[in-house]
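Commentary on secondary and tertiary structure
The lines below spell out each chain.
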Amino acid sequence: MSNNSAEQFDAVIIGAGISGLYQLLKLRQQGMKVKVFETGDGVGGTWYWNRYPGARFDSESYSYAYSFSEELLDEWDWGEHFAGQPETLRYLNHVADKFDLRKDIQFNSKIKSAIYNDTTGRWLVEAEDGSQADGQFLITAIGPLSAFTMPNIPGIDDFKGESWHTARWPHEPISFEGKRIGVIGTGATGVQTIQEVAKTAKHLTVFQRRPNWCAPLNNGKITAAEQPDLKKRYPEIFKTCLETTGCFLHAPTMTSAHDATPEEREALYEKLYAERGFGIWVGAYYDTLMDETANQYLTDFIANKIRGRVKDPETAKNLIPVDHGFGTRRVPLETKYYEVYNQDNVRLVNVKDDPIETITAKGVKTIAEEHELDMLFYATGFDGITGAFDRIDIRGVNGVKLKDKWDEEVKTYLGMQIVGFPNMFTLVGPQNTATLCNIPRCIEQNVEWVSDTIQYMRDNKLNKIEPKDQFQEKWTKELIEMASMSMFMKVPSWISGQNSNVAGKDKPRYIVYMGGAPMYREVCDQEANSGYEGFNLA
Ligand code: NAP
């Protein structure tokens, strides 16, 4: 029973990206009446929005695909080892068509609020256009990197040329020929954009604040002859993903960097540098991301690679990070990125030394000079993981606002539920392992765990679930202890919960579970097997 006039559903899902689509399918298969709200006019989430030039996977395509349907795996041929955004969006549209998902999705509907009713124990979800849905369960599938952030630089509205944030790229093709282009930001998005734009732009100015350690993607086409073998290997591919920390196809070398001779280290690093994908990040000696000296060995190797690839020593110096070791921020994978800086039409501006003062009508004004531009692209990142939650007015028991709670301190249980917000599940939410993962692999785990939990409740005639306070405290405390030891927390990035463009988010925040996917999965399974001892079920 509800006391509003909104249509009633068993579950309301916010978001029709990879997690929302699969969650809809699972709950529908469990016989539930489900409604999905989606801001965009199509499915795909990240892959719908991030249409910037050069956008593509950095996990192998066949390790990224949904694994739940053999038929789907068999019928889809990935064209490249790391698919570009158009191919991935086609794939997700194919999934939506195949499982007839669109009929339960309301597009062009940005959610403004989700309010829990203490009397009915149900959630009222409302979009900006006033449409509503009332659900017993609220499931957020809003993505960890969906709330994009513009830089806090004055004058952004004054620019007279064309400008976009990379996460709101136009749907029509854009030509860069004859154009003077500026890109602000050199994270994974900036790197992909820069290496593509540099091919045809008349001139490209890269505004870099802090360089990142980048490594080769080593992409390639998958030939028709390779397809059958690849498909046969799917069980082995997904098994490997389940066993590795971040569900990538690359496992660490299980010896210490200290036990290898300099020659042996060099040989391993060379091998990994030439391999496809994240091998160089997660396949090196197991202590590379735990021990400063072990990390320094690989850091020195990558720095030498940059010096070898960039002709001008001063530019090379500016491209080499000095404030963090290799791999302690997410590693952008590149294709001839460093060689871009050998081109006559490309200039690197180090805005750490020469800060941007303002955006002007003509371009970007640093302290030293004004850079005149026809187009300006903001690859300035996201208010990571909690940002998308902050943008919705989510209120739980007694009208308590989630944003107010999380502004004090982010606390969850299993990164999946929050005390005071009964029947709300946060897929790929804060303090979940899925944010530091080959994401569909962890999404499938999240969705299946939530679906099984809801099924357990239905089987046992239970209609309310909320974590116990002491379990939430314990989870958050242990997560902080674990993260405090991690090198990721020592450098600002969305992984350490920091974004210089968002007020109040300039200090490290503990919003990522760093114990790795296998351990996270085990804890979630134990919870279910114990009859959900960490939760109050009513
Ligand atoms: P990001 O890693 O947060 O990078 C944002 C960039 O903008 C940084 O270089 C940052 O500089 C710069 N920036 C921000 N504000 C600025 C300001 N006010 N002035 C000057 N520079 C400013 O964001 P992203 O590149 O969009 O990547 C986010 C994540 O998305 C990645 O880590 C990855 O997980 C994911 N991603 C994945 C792929 C893929 O291949 N699958 C592709 C793209 C992104 P500072 O470093 O100094 O803060």
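Computed from a predicted model, the values in this text were never measured in an experiment.

Thresholds, definitions, all that
Residues numbered from 1 in each chain as written. Predicted model: local features only at pLDDT ≥ 70, side-chain atom pairs only at ≥ 80, totals over all residues. Heavy atoms only, no water. Salt bridge = Lys/Arg side-chain N within 4 Å of Asp/Glu carboxyl O. Buried < 20%, exposed > 50% of the residue type's maximum accessible area, 1.4 Å probe, protein only. Helix = DSSP H or I, 4+ residues; strand = E, 2+ residues; numbered from the N terminus. Near = heavy atom within 4 Å. Polar contact = N/O pair within 3.5 Å; in protein donor to acceptor, adjacent residues only side chain to side chain. Contact = heavy atoms within 4.5 Å. Pairing = 2+ DSSP bridges. Axes fitted to C-alpha atoms, helices over the stretch in contact; angles between N-to-C directions.

Quick notes on the pattern of salt bridges
- In this structure the tally under the stated criterion is 34 salt bridges.
- Note that Asp-97 is salt-bridged to Arg-102, the shortest N-O span being 2.7 Å.
- The class of Arg-102 is partly exposed, set by a relative accessible area of 28%.
- Close ionic contact of Glu-481 with Lys-477 constitutes a salt bridge, the shortest N to O distance being 3.3 Å. Placement of the pair is Glu-481 and Lys-477 together in helix α17 (residues 469–484), with a separation of four residues, close to one helical turn.
- Among the charged side chains, a salt-bridge network with shared partners connects Arg-180, Lys-362, Glu-372 and Asp-374.

Brief notes about the site of the ligand
- In the region of the ligand, 24 residues are neighbours, and Arg-56, Thr-189, Arg-209, Arg-330 and Trp-494 sit closest.
- A distance of 2.8 Å separates an oxygen atom of the ligand from a polar atom in the backbone of Arg-56.
- Between Arg-329 and the ligand, the recorded distance is 2.9 Å, taken from a side-chain N or O atom to an oxygen atom.
- The element best represented in the shell around the ligand is helix α6 (residues 188–197), accounting for three residues.

A look at α6
- For α6, the tally of buried residues reaches eight of 10 residues, placing the bulk of the element in the interior.
- The secondary structure elements touched by the buried residues of α6 are β8 (180–184), β9 (203–208), β11 (333–334), α13 (337–340) and β16 (375–378).

Description of the sheet that holds β9
- An order of β7-β16-β8-β9-β12 is seen for the five strands of this open sheet, with the pairing classed as parallel. The open sheet terminates on both sides in strands that have one partner only, identified here as β7 (162–165) and β12 (346–350). The mean inter-strand angle of the sheet, taken between neighbouring strand axes irrespective of direction, is 15°.
- In this sheet, β12 lies alongside β9 in parallel orientation, the contact comprising five bridges. Looking at the pairing, Thr-205 lines up with Arg-347 of β12.

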